[in-house]
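Coordinate analysis (summary)
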Amino acid sequence: MAELTKKGIGGFLARQGILVAFVLFMVGFALANQRFIAIDNIFGVIRSSAILGVMALGVTFVVIGGNLDLSVGSMMSFSTIVVLDLHDTLGPTLAIPAMFGLTLALGAFIGFLVGYLKLNSLIVTLGMLSAIHGLTLTWSGGQNMDIADKEGTWFGIFGRGDVLGVPMPIVIFGTLAIVLSLVLSKTPFGRKIYAVGGNGQAATFSGIPRARVVFFTYLISAFCVATAGLLQASRSLGSQNTVGQGYELEVLAMVILGGASLLGGSGTIIKTVIGVLIFGFIENGLLLIGLEFYVQDVVIWAVIILAVWLDIAAKRGRLWSPIA
Amino acid sequence: MKMATRKDLLKQGAIWGFIVLELAFFSIAGNYLSVTDTAFMDFDNMLLLLKQSAPIGIIALGMTIIMINGNIDLSVGATFALAAIVMLDSMTWPFMQNLGDWAIPLAWGFALLTGVVLGAINGLIVWKTGVDAFIVTLGSMLGFRGLVFMYNGEQPTSHLNWTLVDFAEAQFLGLHTASWFLLGVALILWLVMTKTVHGRNAYAIGNNRDAAVNAGIRVGPHFLLNFMLIGFLAALSAVVFYSESGSVNPNDGMLYELWAITAVVLGGTKLAGGYGSIISTLGGVIAIQLLRKGLGHIGADTETVNLVIGLILIAVLFLDRQLNRKGKEELKI
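Conventions adopted
Residues numbered from 1 in each chain as written. Chains lettered and ligands numbered in written order. Predicted model: local features only at pLDDT ≥ 70, side-chain atom pairs only at ≥ 80, totals over all residues. Heavy atoms only, no water. Helix = DSSP H or I, 4+ residues; strand = E, 2+ residues; numbered from the N terminus. Rg over C-alpha atoms; globule rule 2.2 N^0.38 Å. Buried < 20%, exposed > 50% of the residue type's maximum accessible area, 1.4 Å probe, protein only. Areas by Shrake-Rupley, 256 points an atom, 1.4 Å probe, with all protein chains shown as cover. Lys, Arg positive; Asp, Glu negative; His and termini not counted. Charge placed at Lys NZ, Arg CZ, Asp CG, Glu CD. Axes fitted to C-alpha atoms, helices over the stretch in contact; angles between N-to-C directions. Parallel < 35°, antiparallel > 145°, perpendicular 65-115°, else oblique. Left-handed = near helix turned anticlockwise from the far one by under 90°. Contact = heavy atoms within 4.5 Å. Nonpolar A, V, L, I, M, F, W, Y, C, P; charged D, E, K, R; others polar. Polar contact = N/O pair within 3.5 Å; in protein donor to acceptor, adjacent residues only side chain to side chain. Buried area = accessible area lost by both parts, 1.4 Å probe. Salt bridge = Lys/Arg side-chain N within 4 Å of Asp/Glu carboxyl O. Expected span 1.5 Å × (residues − 1). Core = buried A, V, L, I, M, F, W, Y, C linked by side-chain atoms within 4.5 Å. Arc of directions from axis to C-beta. pLDDT = per-residue confidence, 0-100. Patch = residues over 30% accessible without salt bridge, like charges linked within 9 Å, V, L, I, M, F, W, Y side chains within 5 Å. Phe/Tyr/Trp six-rings, centres within 6.5 Å; stacked < 30°, edge-to-face > 60°. Lys NZ or Arg CZ within 6 Å of the ring centre and 35° of its normal.

**As for the overall build of chain A**
Along chain A, the regular secondary structure elements total 13 helices and four strands. Here chain A has a C-alpha radius of gyration of 20 Å; the compact-globule value for 324 residues is 20 Å, and the two agree. Along the first, second and third principal axes, the C-alpha atoms of chain A reach 70 × 55 × 40 Å. Counting the 324 residues in chain A, one finds 54% classified as buried. Approximately 13600 Å² of chain A is accessible, and the part contributed by carbon and sulfur atoms is 66%. When the 18 positive and 15 negative side-chain charges of chain A are each reduced to one mean point, those points stand 19 Å apart.

**What to know about the packing of helix α11 (residues 247–257) of chain A against helix α13 (residues 295–316) of chain A**
Residues and elements named next belong to chain A. Where α11 contacts α13, the two axes come as close as 9 Å, and the packing angle between them is 40°. With respect to their mutual orientation, α11 and α13 come out oblique. The crossing of α11 and α13 is left-handed. Only Val303, Ile304, Ala307 and Val308 of α13 make contact with α11, whose side of the interface consists of Ala253, Ile256 and Leu257. When grouped by side-chain class, the residues that make up the contact of α11 with α13 number seven nonpolar, no polar and no charged.

**Describing the side chain of Thr136(A)**
Mapping Thr136(A) onto the fold places it in helix α5 (residues 121–140). In this structure the side chain of Thr136(A) is engaged in a polar contact, spanning 2.8 Å, whose partner is the backbone oxygen of Ile132(A).

**What about the interface of chain A and chain B?**
In this complex, chain A contributes 47 residues to the contact, which on the side of chain B involves 50 residues. For the pair chain A and chain B, the summed buried surface comes to about 4200 Å²; carbon and sulfur atoms form 81% of the total. If you look at where chain A meets chain B, you find zero salt bridges. Applying the counting rule to chain A against chain B returns four residue pairs in polar contact (both at pLDDT 80 or more). Of all the elements in the fold, those that place two or more residues in the side of chain A that touches chain B are α5, α11 and α13 of chain A. Top contributing element to the side of chain A that touches chain B by residue count: α5(A), with 14 residues. Grouping the amino acids of the side of chain A that touches chain B by side-chain chemistry returns 33 nonpolar, nine polar and five charged.

**Describing helix α4 (residues 92–116) of chain A**
Given a rise of 1.5 Å per residue, 25 residues ought to cover 36 Å, and the 35 Å separating the end C-alpha atoms of α4(A) matches this to within 8%. Lys118(A) lies just past α4(A) and shows a positive phi near 60°.

**Observations regarding the nonpolar core**
Counting residues in hydrophobic clusters, the biggest one holds 215 residues, and the most contacted among them are Leu57(A), Val124(A), Phe155(A) and Leu252(A). Dropping the residues within four chain positions of it, Leu252(A) is found in contact with Val59(A), Val63(A), Leu68(A), Leu70(A), Leu262(A), Phe134(B) and Leu138(B).

**Focus: helix α9 (residues 197–207) of chain B**
All names here are of chain B. For α9, the complete set of buried residues consists of Gly199, Asn201, Ala202, Ile205 and Gly206. Axial view of α9: buried residues confined to an arc of 160°, hence all on one face. Exposed residues pointing more than 90 degrees away from the buried face of α9 are listed as Arg200 and Asn207. Contact partners of the buried residues in α9: α2 (43–68), α8 (177–195), α10 (209–214) and α11 (219–245).

**Regarding the environment of Ile37(A)**
All names here are of chain A. Among the structural elements, Ile37 can be located in the loop between α1 (2–32) and α2 (39–64). Residues Ile37 and Ile51, spaced 14 residues apart in sequence, show a C-alpha to C-alpha distance of 21 Å. In this structure, Ile37 is in contact with Ala30 and Ile42, ignoring residues within four places of it in sequence.

**Topic: the confidence of the model for chain A**
Summing up the model confidence of chain A, the mean pLDDT is 87 and the portion of residues at 70 or higher is 95%. Contacts of residues 1–5 of chain A to residues separated by more than four positions or lying in other chains number zero contacts, the stretch itself having pLDDT below 50.

**Looking at a nonpolar patch on the surface**
All names here are of chain B. Nonpolar side chains collect at one region of the surface, where Trp16, Leu187, Trp190, Leu191 and Ile279 lie side by side and expose about 420 Å² of accessible area between them. A total of three residues in the nonpolar patch trace back to one element, the largest contributor, which is α8. Counting through the fold element by element, Leu191 comes out in helix α8.

**Looking at the pattern of salt bridges**
Throughout the structure, instances matching the rule amount to two salt bridges over all chains. In this structure, the salt-bridge partner of Arg35(A) is Asp40(A), at a minimum N-O distance of 3.9 Å. The partner of Glu244(B) in a salt bridge is Lys51(B), and the shortest N-O contact between them spans 3.2 Å. Of this pair, Glu244(B) sits in helix α11 while Lys51(B) sits in helix α2; the two residues are 193 residues apart in sequence, bridging distant segments of the chain. Exposure remark for Lys51(B): the relative accessible area of 17% places this residue in the buried category.

**Concerning the environment of Gln34(A)**
Residue and element names in this part refer to chain A. Looking at where Gln34 falls in the secondary structure, it is placed in the loop between α1 and α2. Looking at Gln34, the relative accessible area reads 62%, which means it is exposed. A sequence separation of 254 residues divides Gln34 from Leu288, and the C-alpha atoms of the two residues are 9.7 Å apart.

**Focus: the packing of aromatic side chains**
Two aromatic rings, taken as a pair, are described by how far apart their centres are and by the angle between their planes. The full count for this structure, using the stated rule, is 22 aromatic pairs over all chains. Judged by centre distance (6.3 Å) and plane angle (75°), the ring pair of Phe155(A) and Phe158(A) falls under edge-to-face. The same class applies to Phe155(A) as to Phe158(A), namely buried. Look at Phe172(B) and Trp180(B): their rings are 5.7 Å apart centre to centre, the planes differ by 50°, and that puts the pair in the tilted class. What links up through ring pairs into an aromatic cluster is the set Phe112(A), Tyr116(A), Phe189(A), Phe215(A) and Phe216(A). Over the ring of Trp127(B) we find Lys128(B); its NZ or CZ atom is 4.3 Å from the centre of that ring. In this structure, Arg292(B) is placed above the aromatic ring of Trp259(B), and the distance from its NZ or CZ to the ring centre is 5.0 Å.

**Digging into the confidence of the model for chain B**
In the predicted model, chain B carries a mean pLDDT of 85, and 92% of its residues have values of at least 70. Interface confidence for the predicted complex, expressed as ipTM, amounts to 0.80; the pTM equals 0.85.

**A look at the environment of Leu183(B)**
Residues and elements named next belong to chain B. Inspection of the secondary structure assignment puts Leu183 in helix α8. Linking Leu183 and Val136, residues 47 residues apart in sequence, is a C-alpha distance of 30 Å. The contact partners of Leu183, leaving out residues within four places of it in the chain, are Leu50, Leu175 and Leu282.

In structure tokens, the structure reads:
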């Protein structure tokens, strides 16, 4: 019986460890500095995490499906530059759907390569990281992109506006998280993603169209990237063409921190959101106790490895690895 | 048996065939499109090309061994930057300044030691926790970069030592110092991978880890050693490069890991481990640099190089799979 309870607690910690850590961490920082839990501070943190957060939602789908997406950073630069450029030529009403169309086309291309041609996703998206970056540089002619008339456009509402006092990026991030969470947990499509990522062969044998499922995970990822690009462009109304550089690995770190396995078949949207918030609040908390922003990278490093290590340790039942 | 060796030769030759193709293409296209009068296959141009491929090249050579092991290292760019900062900063320490030119080997030593220690941290974590190398080094990529920023804030670290610059710009038998380092490292690693027990074990572990364990190979220490090696090489790459430039920004080396991996994959090394060659990686490194220079030569925007390399990488992956599948079907018959 005692063993059962211990197992129960251990199992709970293994399943919800990241949530427990998050709560402990929030309480700790709140005790250290009252300002940490002020509502405007919390809004500020979530708002600045929203862009990476939206991308992390899409990457979660890809990772659960058993693949990787390293192209999201480049793709986000692409959509930001494209929407800013088209804003001045087509006007914002047309620029936004055009940018979504182009970004989704890139996602469809990756989805085709990984899903239907069954090429290794790490290399394909690594190649696309480089290729899309080249595309962005060519599009922008190596220049920074700025909206000519920053005062006279309504385009800023996505990044700067608010709904009933809640900043718009939070509204978009939250809505997207809820919708995608429902897609993942309540629809047959969501179940198929878990099946394909958990055991692709078994999924194929049970009649799940593996290629199509993988294809759609990349489309969803591209949609999220386009949304992130829209937020970024709308917030700054101008951008360097390297804006998303390096985001791909940071986003992946958030997803892993949330507990998705790189082998596929596990992870949830809610956990990814927690991963995103941990990133945001660690940075903010460290700033509030007077440390530089880059200290967070070192802390995140420790947190990621500890989180994944404990997760694995709980599964194999021993702390140290069996590698001789 | 004979068939297998011929197929291996074909595979390893592919990258060199590609390089010849590139040379031919850019030479011919250069006649019509070039913005300058000099031929593309100009001897000095080729020497410069080798020198310019050294920084990524030295890292990519180390990455080959890591990937033959079935691991990956995403933290090399940050290691590169930290080693560079340690080298340049250490020369301004008071006791080092009293040493005159003897400070140089010492500064190199500090930088290389930094690389080895960072590599050892990765290796120990991979060994002891059993967490996948991809995740461990993804974490340390952030962490090491944080250390880089903590060292000197967002300021660039600069120190110009003219003896060092002369050394880095020197040419011996026509080759620049950096090129010698690249070729030297390639030679040593080639010997290690083909002639030593360590090299044979690397292939064995990458091919089938369980079988390797059963055969009595100690996988953990082997991993540790290879991560220390790539840390050392990332640092070596940094000292060679920054001896000449003398100034490092905290963002330097970003995405180097991805360039290095691209070169290794172009060279035909398998991500899953167990297959790959140092010489082919050298080919991959040269092919990328050739493409970069060649596109510049025929007057294409330098930006297009990213586009072309990305698409070539995907094409290589596709062709490789088609060829391999064909090979398997032939076996069945």
